[in-house]
Amino acid sequence: MNTVYKNIQEAISNGDKLFAVLIDPDKFSVGNTSHFIEKVNTSMATHIFVGGSTVAENQTDILVSEIKKYTKLPIVLFPGDVSQITNKADAILFLSLISGRNPEYLIGKHVKAVSKLNNSQLEVISTGYILIESGKETAVEKVTRTKPLLKNKVQNIVDTAKAGELLGMKLIYLEAGSGAKNPIPDSIISEVKKVLHIPLIVGGGIRSKIELDKAFEAGADLVVIGTAFEEDESFLRLC
Ligand code: 1GP
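Per an unreviewed UniProt entry, the chain goes by the name Geranylgeranylglyceryl phosphate synthase and belongs to Pseudalgibacter alginicilyticus. As stated in UniProt under Catalytic activity (unreviewed entry), the record for the chain gives "sn-glycerol 1-phosphate + (2E,6E,10E)-geranylgeranyl diphosphate = sn-3-O-(geranylgeranyl)glycerol 1-phosphate + diphosphate".

Take a look at the structure:
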C-alpha cells in the first residue's frame, strides 16, 4: 500500500527514467483495452495515467477496472475533476494548478474531493501542476479559465515550481497541454530541474522518441504521453 511515490523516488535515485502512458477515458474505447494494454506492457512504460479535462460520470471507474485486468503497472489518476476519482486505481495526482489564479483549481475542488478520498484506499500524491504556453489555447486553459505561464519568463516558471516544493508538494508537473503544438522547451525543463529536490514530471505535445529522449536528457524524471498514442498506437513500439 502507498508504494507509488516511494517507488518513483527509488527509481530516480537509481538513475532510472519513468514513462507514463496517459489514457483519456473520454477519447478511449473500453473495448480496445486488452489490445492497447498488451502494447503498453511491452513498451518502456512504468505507469499508466488515467484522466482528462472532461469525462462522463463513471467512465473512469469502468475503464480503470478494465485496465487492471491486463496489467500490473501502477494506475495513477490524473483527474480533471472530482467525478473522475475512483478507488480502483492505485494512486491519484492531487493536482493544484499553481500556474493559475483560479481558487477552484488551487484549493476548491480539493476540498470537494476529501469525502471521496477519505472513503478510498488511493495513495494521494500532492502535485504542483504548472501550465506553460505552447502556441495555442489548450483544453486546460478553457476548462480552468486560467492563463498559462509565458515561456520566455523562465524565472517565473522556476520560482512557481520551487514555491510548489516549498509548500510541501511531492511532485511538480510541467504541462504544455494535451495535444499541444510544441512540447515544453528543454531549457525550461533543465532550469526547473536545477532548483528542485522533488521529482519532475513533463508532458504535453511529445510525439516522437527524439522528443521523449530530449525531455529526459533535459531533466524530466517522468514523461507523460497521451495524444501520440491516440493518433497512432504503433508509436508505442518505439517507446
Ligand atoms: C496531457 O501531459 C499530458 O495532460 C500528455 O499530453 O496528450 O499531448 O501527450 P499529450
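J.: So what exactly am I meant to see when it comes to helix α7 (residues 186–195) here?
T.: One turn of an α-helix holds 3.6 residues; hence residues three or four places apart share an orientation. Among all positions of α7, only Ile-188, Ile-189 and Val-192 are buried. Viewed end-on, α7 has its buried residues packed into an arc of 100°, placing them on one side of the element. Contacts from the buried residues of α7 go to α6 (154–166), β6 (171–175), β7 (200–203) and α8 (209–218).

J.: Got a minute to help me understand the pairing of β6 in this structure?
T.: In regular strands, side chains alternate between the two faces of the sheet. Within β6, 5 of the 5 residues are buried, which leaves the element mostly enclosed by the surrounding structure. On β6, burial covers both faces: Leu-171, Tyr-173 and Glu-175 on one face and Ile-172 and Leu-174 on the other are all buried. As judged from the 5 bridges shared by strand β5 (residues 123–131) and β6, these two strands associate in the parallel manner. Counterpart to Thr-127 in the pairing with β6 is Leu-171. In this sheet, β7 lies alongside β6 in parallel orientation, the contact comprising 4 bridges. When the sheet's bridge partners are listed, Leu-174 is paired in β7 with Val-202. Handedness of the β6-α7-β7 crossover: right-handed.

Cut-offs applied
- Residues numbered from 1 in each chain as written.
- Predicted model: local features only at pLDDT ≥ 70, side-chain atom pairs only at ≥ 80, totals over all residues.
- Heavy atoms only, no water.
- UniProt positions renumbered as here; feature names shortened; annotations may be inferred.
- Buried < 20%, exposed > 50% of the residue type's maximum accessible area, 1.4 Å probe, protein only.
- Helix = DSSP H or I, 4+ residues; strand = E, 2+ residues; numbered from the N terminus.
- Arc of directions from axis to C-beta.
- Contact = heavy atoms within 4.5 Å.
- Pairing = 2+ DSSP bridges.
- Right-handed = clockwise from strand over helix to strand, strands pointing away.

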